[in-house]
Structures are given as structure tokens and as C-alpha cells.
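Spelled out, the chains give:
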Amino acid sequence: MSSTFTAGDVLEPKTFTITRADLVAYAGASGDQNPIHQDEEVARSVGLPGVIAHGMYTLALVGRAVAEWTDGAEVVDLGAKFTSPVVVPAEGGAEVVVAGTVKSVADGLATLALEVTCDGTKVLGMPRAVVKDAGA
Amino acid sequence: MPVDLSLVGREFPAPAPLTITPERVGAFAAAVGHPGTGVPPTFPIVLAFDAMMAFLDAEEIDLHRIVHGEQRFAYARPLAVGDELTATLTVTGLRQIGGADIIATASEITDATGAVVCTGKATLVHGGAS
């Protein structure tokens, strides 16, 4: 287990594609059937630019990146503000990039600084993940 | 229609406990591509969402007028298959900005022994054109 982190470590950015089919699968798995994540007309009726990904889908991708970076380290803290919608087109998909660095390591915990973007725009505000540092 | 300010401090339990089964975790992990066999850290949203729906239903708020503004989880321990989880949502704050209601909530998620497994904080934005 290479779970020892050093402050300043740059983590390899992860690119994930979100499709409408992913949102339908996620709606079923999570129970969040809000139509703004599936129905263009409803999304536009409430002022959105189109079908948007569940904020929690994007946050789940952060959880996925953290799991991949840390070989499944125990997460003790995870969260973000959903500051900009991830618009998912009917064809193809939206590409979300999760980039991160190890911000600090203390008391057996590693805090990751994250930047999550779609088309170059930050979609999460103050994203934060803290994991247990198994090597500590 | 603005949300009633007297809501602050009220609690809304999820209607039923949720047992984490391999099938539920598998479907959730597959939908987001989560690696490995562990429970994805955002999985507790399933229960937090049930509690939120209890709140929205009680207040007759339409789900499609809600946008998730913020979500944070703090975990006391990893979630595991077999956990039977219960959630209670508390409305912790309410303010109006530009015709939208900004609803702050906290959710406590406990296991069958009553121990807190995870706590969630969420901001829900209620508004939008009709």
C-alpha cells in the first residue's frame, strides 16, 4: 500500500465523461429522479441551460478520483459547492476533469486540494477531500 | 412561494431505514464508475435524499424547483455492506436571495446501534422561473 502522502504531491488529473445514460443510471441507483437531470424541457423551464448532471454525480467522480489516487484510502471528509452546472448534451457527453494535489498531511490525515472543471470552467467551489494516511 | 421561516430547527426523518446491500452498492458504483468493492463515499446521499424528500413533501415543495447548492459529508467510519442506516434531516437555516430560498440542512446518518456513521450538510436552492 503506497498510501503515504507528502504535501505538495501532484496527483494525476482524471478525466471522466458523463452521458445522459449515466444520469439515468445514477437517478435509479441514488433515488434522485429530479427531471432537471433527464428532461431538457423541464430543465429549461426552471432557467437551466439544459439537462445538468446531478451535483452529487460530479462529487461522486471526485470520490472516484480520490479512490483511484489513494488505492481506496478511507475518506473522512468529502464535499463541495455546486457552483456551475455541468451541462450534459443529448449526444456524446460532458468531460469533467478532476485535478488535485496533496495540500497537507497531519495527524494521520491527508487533505487534498482539488480543482474540478468542465470545458475549462470550475464546476465545484471549495472542493475538499480528507483521507486517512495509512502509512502514517 | 417563499419557504416558511418557521421551518428552521424542524426535523424530518427519512421514512424508512436503508440496508446497504451488495446490489445497491453495485448499482451506485457502476453508475459513477467507482473502483473496487467498497461503498462509495457519496452513497449516504441515498438516505439523505430520502430525508430531503420527506421535507419537500411535507412542505409541498416541487423537487424540480430545487437545485443542490452544496453538499459536505464527514464520516465517523467507512460505510459497509450490511449497515442498516437511518437519517434525520434538520433545517438549519433559511434566507432569501434574489427571489430564491437558500435552505441550509444538516443530516445525521446513524447505524442500527444508533451510532453516527456520517453527517451531511447541504444547501438547497429553491426558486427558478415557472
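Reading the values: rules and limits
Residues numbered from 1 in each chain as written. Chains lettered and ligands numbered in written order. Predicted model: local features only at pLDDT ≥ 70, side-chain atom pairs only at ≥ 80, totals over all residues. Heavy atoms only, no water. UniProt positions renumbered as here; feature names shortened; annotations may be inferred. Contact = heavy atoms within 4.5 Å. Buried area = accessible area lost by both parts, 1.4 Å probe. Salt bridge = Lys/Arg side-chain N within 4 Å of Asp/Glu carboxyl O. Polar contact = N/O pair within 3.5 Å; in protein donor to acceptor, adjacent residues only side chain to side chain. Helix = DSSP H or I, 4+ residues; strand = E, 2+ residues; numbered from the N terminus. Buried < 20%, exposed > 50% of the residue type's maximum accessible area, 1.4 Å probe, protein only. 1 Å grid on protein atoms, 1.4 Å probe; cavity = no way out; pocket = protein on both sides within 12 Å on 5 of 7 lines; lining within 4 Å. Points joined across faces, edges and corners; volume = space filled by probe spheres on them. Nonpolar A, V, L, I, M, F, W, Y, C, P; charged D, E, K, R; others polar.

Going by the annotation in an unreviewed UniProt entry, the name recorded for chain B is FAS1-like dehydratase domain-containing protein, with Nocardioides glacieisoli given as the source organism.

For chain A, the name recorded in an unreviewed UniProt entry is Acyl dehydratase, with Nocardioides glacieisoli as its organism. Its UniProt record, at the heading Sequence similarities (unreviewed entry), says of chain A: "Belongs to the enoyl-CoA hydratase/isomerase family."

(A) Examining the interface of chain B and chain A more closely. With 31 residues of chain B at the interface, the matching set in chain A holds 35 residues. Surface buried jointly by chain B and chain A totals about 2,600 Å² across both partners, of which 62% is contributed by carbon and sulfur atoms. Three residues stand out in chain B for area buried against chain A, namely Val32, His64 and Arg72 of chain B, and they jointly supply 21% of the buried area on that side. Along the contact surface separating chain B from chain A lie 0 salt bridges. Scanning the region where chain B abuts chain A turns up 11 residue pairs in polar contact (both at pLDDT 80 or more).

(B) The side chain of Thr58 of chain A, seen in detail. Residues and elements named next belong to chain A. Position of Thr58 among the secondary structure elements: in helix 3 (residues 55–70). Judged by its relative accessible area of 3%, Thr58 is buried. If we ignore the near neighbours within four places in the chain, the residues touching Thr58 are Ile18, Ala53, Val86, Val96, Val116, Val123 and Leu124.

(C) Fine view of helix 1 (residues 20–30) of chain A. Taken together, the buried positions of helix 1 of chain A are occupied by Arg20, Leu23, Tyr26, Ala27, Ala29 and Ser30 of chain A. Looking at the residues trailing helix 1 of chain A, positive phi occurs at Gly31 of chain A, about 90 degrees.

(D) Looking closely at the layout of surface pockets. Here the largest pocket defines a volume of roughly 500 Å³. Contributing to the lining of the largest pocket are 37 residues, with Gly55, Met56 and Phe82 of chain A together with Val67 and His68 of chain B lying nearest its centre. Elements represented by at least two residues in the lining of the largest pocket include exactly helix 1 and helix 3 of chain A together with helix 2 (45–58), strand 3 (66–75), strand 5 (100–110) and strand 6 (116–126) of chain B. A per-element tally of the lining of the largest pocket places strand 3 of chain B first, with 5 residues. What the second largest pocket holds in volume is close to 380 Å³. With 3 residues, helix 3 of chain A is the single largest residue contributor to the lining of the second largest pocket. When the residues that make up the lining of the second largest pocket are grouped by side-chain class, the tally is 11 nonpolar, 6 polar and 3 charged.

(E) Quick peek at the environment of Thr90 of chain B. Residue and element names in this part refer to chain B. By secondary structure assignment, the location of Thr90 is in strand 4 (residues 84–97). For Thr90 and Lys121, which are 31 residues apart along the polypeptide, the C-alpha to C-alpha distance reads 9.6 Å. Ignoring any residue separated from it by four or fewer positions in sequence, one finds Thr90 in contact with Gly9, Arg10, Glu11, Ala104, Thr105 and Ala106.

(F) Layout of the pattern of salt bridges. Residues and elements named next belong to chain A. The full count for this structure, using the stated rule, is 11 salt bridges over all chains. Two residues, Glu40 and Arg20, come together in a salt bridge whose shortest N-O distance is 2.6 Å. Remark: Arg20 occurs in helix 1 and Glu40 occurs in helix 2 (residues 40–45); sequence separation between them is 20 residues. When its relative accessible area of 27% is taken as the criterion, Glu40 is described as partly exposed. Its salt-bridge partner being Glu68, residue Arg64 comes within 3.3 Å of it at the nearest N-O pair. Placement of the pair is Arg64 and Glu68 together in helix 3, with a separation of 4 residues, close to one helical turn. The class for Glu68 is partly exposed, based on a relative accessible area of 31%. Sharing partners across several salt bridges, the network here consists of Lys14, Arg64 and Glu68.

(G) A look at the UniProt feature "domain: MaoC-like" (unreviewed entry) in chain A. Following the UniProt record, the feature "domain: MaoC-like" (unreviewed entry) maps to residues 10–104 of chain A here. Helix and strand shares over residues 10–104 of chain A are 35% and 29% respectively, and the end C-alpha atoms of the span are 12 Å apart.

(H) The UniProt feature "domain: FAS1-like dehydratase" (unreviewed entry) in chain B, seen in detail. Within the UniProt annotation, "domain: FAS1-like dehydratase" (unreviewed entry) is assigned to residues 29–119 of chain B. A distance of 21 Å separates the end C-alpha atoms of residues 29–119 of chain B, which is 20% helix and 43% strand.

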